[in-house]
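Summary of the model geometry
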Amino acid sequence: MKLIFFDEAKNDDEYPHYHIGGVCVDETHLAEIEGRINAVAARVFGQCALVRGTELHAAEIFHRKNHFKDWNDFDARVGLFNEIMQILTAPEVMLIDVQINVAKLWATQVPDEVAFMFFCERANDLCKSRDSLGMLIGDRESDRVAERYAATLSGYRAKGTNFEFGRNIANLVDSVHFTHSHLSRFLQLADVYTWLLQFRNRHRGSENPRHRAIFEIWARDDINLSPSKYKEWPQ
């Protein structure tokens with residue numbers, strides 16, 4: 001069984017792209033990867049209990065918000081990104097990258113719905129390629145959103161996904177499960193990965209030293225955030 005934790009980065013008026021990033025870990029490696037993330041949290045916060053005060057959020061780290069507001073040393077914050085990106089590079093961690101170019105959608109298409117459909121397809125493909133079943137786990141924003149995603153996946157499992165070349169979703173089981181991100185290190189890992197996806201696309205070509213600091217980590221030989229499954233649409 002593979003658990004697939006996902007998060008989203010939404011489009012806005014200044015950034016017409018919608019991302020879903022997924023972090024997939026086989027059940028046999030969950031304890032090892034969780035232990036690595038907990039070690040980072042323990043170093044940063046002095047403990048690794050799953051409470052709001054020990055949550056690792058990429059935007060808060062980079063922009064020095066909430067419980068990172070006293071982290072005045074930018075190099076220390078970059079170092080934290082480096083630690084987390086090393087975990088994302090681990091061979092036991094498989095990544096899924098979905099990017100929707102919102103400005104190119106038809107007027108009737110909703111970015112999050114299209115993104116989730118492609119994400120389900122890619123997650124299913126990943127599990128199928130590994131001869132495995134998978135379960136989706138997301139960040140709980142509201143009961144309404146959770147119910148909508150659960151109903152959508154149920155429909156895909158029953159009838160396949162939309163579009164002319166829709167796919168059967170046979171390797172994802174049960175429903176989409178949701179919990180608050182401060183209660184899951186894996187959702188925090190998905191948060192960082194998804195934030196990095198939009199960061200790279202948003203700031204591609206930037207000469208801002210703070211942007212370059214993240215890109216320099218990404219470019220190192222020991223860092224590999226290449227996804228196992230990828231979809232950008234429409235091209």
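Residues numbered from 1 in each chain as written. Predicted model: local features only at pLDDT ≥ 70, side-chain atom pairs only at ≥ 80, totals over all residues. Heavy atoms only, no water.

A short note on helix H3 (residues 74–89)
Look at H3: 22 Å from first C-alpha to last across 16 residues, which is about the 22 Å you get at 1.5 Å a residue. Buried within H3 are the following residues: Phe-74, Arg-77, Val-78, Leu-80, Phe-81, Asn-82, Ile-84, Met-85, Ile-87 and Leu-88. Of the surrounding elements, those touching the buried residues of H3 are strand S2 (17–26), helix H1 (30–45), helix H2 (58–63), strand S3 (93–101), helix H6 (185–202) and helix H7 (209–218). For H3, the capping residue at the N-terminal end is Asp-73, with a side-chain oxygen 2.9 Å from the backbone nitrogen of Asp-75. (Helix = DSSP H or I, 4+ residues; strand = E, 2+ residues; numbered from the N terminus. Expected span 1.5 Å × (residues − 1). Buried < 20%, exposed > 50% of the residue type's maximum accessible area, 1.4 Å probe, protein only. Contact = heavy atoms within 4.5 Å. Polar contact = N/O pair within 3.5 Å; in protein donor to acceptor, adjacent residues only side chain to side chain.)

Observations concerning the nonpolar core
Here is a general trend for soluble globular proteins: nonpolar side chains tend to be buried in one another's company. Counting residues in hydrophobic clusters, the biggest one holds 45 residues, and the most contacted among them are Val-23, Ile-33, Phe-81, Leu-88 and Leu-196. Top element by residues in this core is H6. It accounts for 10 residues. Among all residues touching Phe-81, those that are not within four sequence positions of it are Ala-58, Ile-61, Phe-62, Val-192, Trp-195, Leu-196, Ile-214 and Ile-217. Judged by nonpolar contacts, the second largest core, of 32 residues, contains Phe-118, Cys-127, Ala-146 and Leu-153. (Core = buried A, V, L, I, M, F, W, Y, C linked by side-chain atoms within 4.5 Å.)

Regarding the packing of H1 against H6
Think of two packed helices as two axes; the pair is described by the angle between the axes and how far apart they sit. Running from N to C, H1 and H6 cross one another at 75°; their axes reach a closest spacing of 9 Å. Here H1 lies roughly perpendicular to H6, going by the angle between them. Facing H1, whose interface residues are Leu-30, Ile-33, Glu-34, Ile-37, Asn-38 and Ala-41, H6 presents Arg-185, Phe-186 and Leu-189. Across the contact of H1 with H6, the residue classes break down as six nonpolar, one polar and two charged. (Axes fitted to C-alpha atoms, helices over the stretch in contact; angles between N-to-C directions. Parallel < 35°, antiparallel > 145°, perpendicular 65-115°, else oblique. Nonpolar A, V, L, I, M, F, W, Y, C, P; charged D, E, K, R; others polar.)

Describing H1
End to end, H1 covers 22 Å across 16 residues, agreeing with the expected 22 Å (1.5 Å per residue, within 8%). Residues Leu-30, Ile-33, Ile-37, Asn-38, Val-40, Ala-41 and Val-44 constitute the buried set of H1. Along H1, the residues classed as buried sweep out an arc of 155° about the axis, all on the same side. The secondary structure elements touched by the buried residues of H1 are strand S1 (2–9), S2, H3, S3 and H6. (Arc of directions from axis to C-beta.)

Structural notes on the pairing of strand S4 (residues 134–139)
With respect to burial, S4 is a largely interior element, five of its six residues being buried. Note that S1 and S4 share five bridges and pair parallel. The residue bridging Lys-2 from the neighbouring strand is Gly-134, located in S4. (Pairing = 2+ DSSP bridges.)

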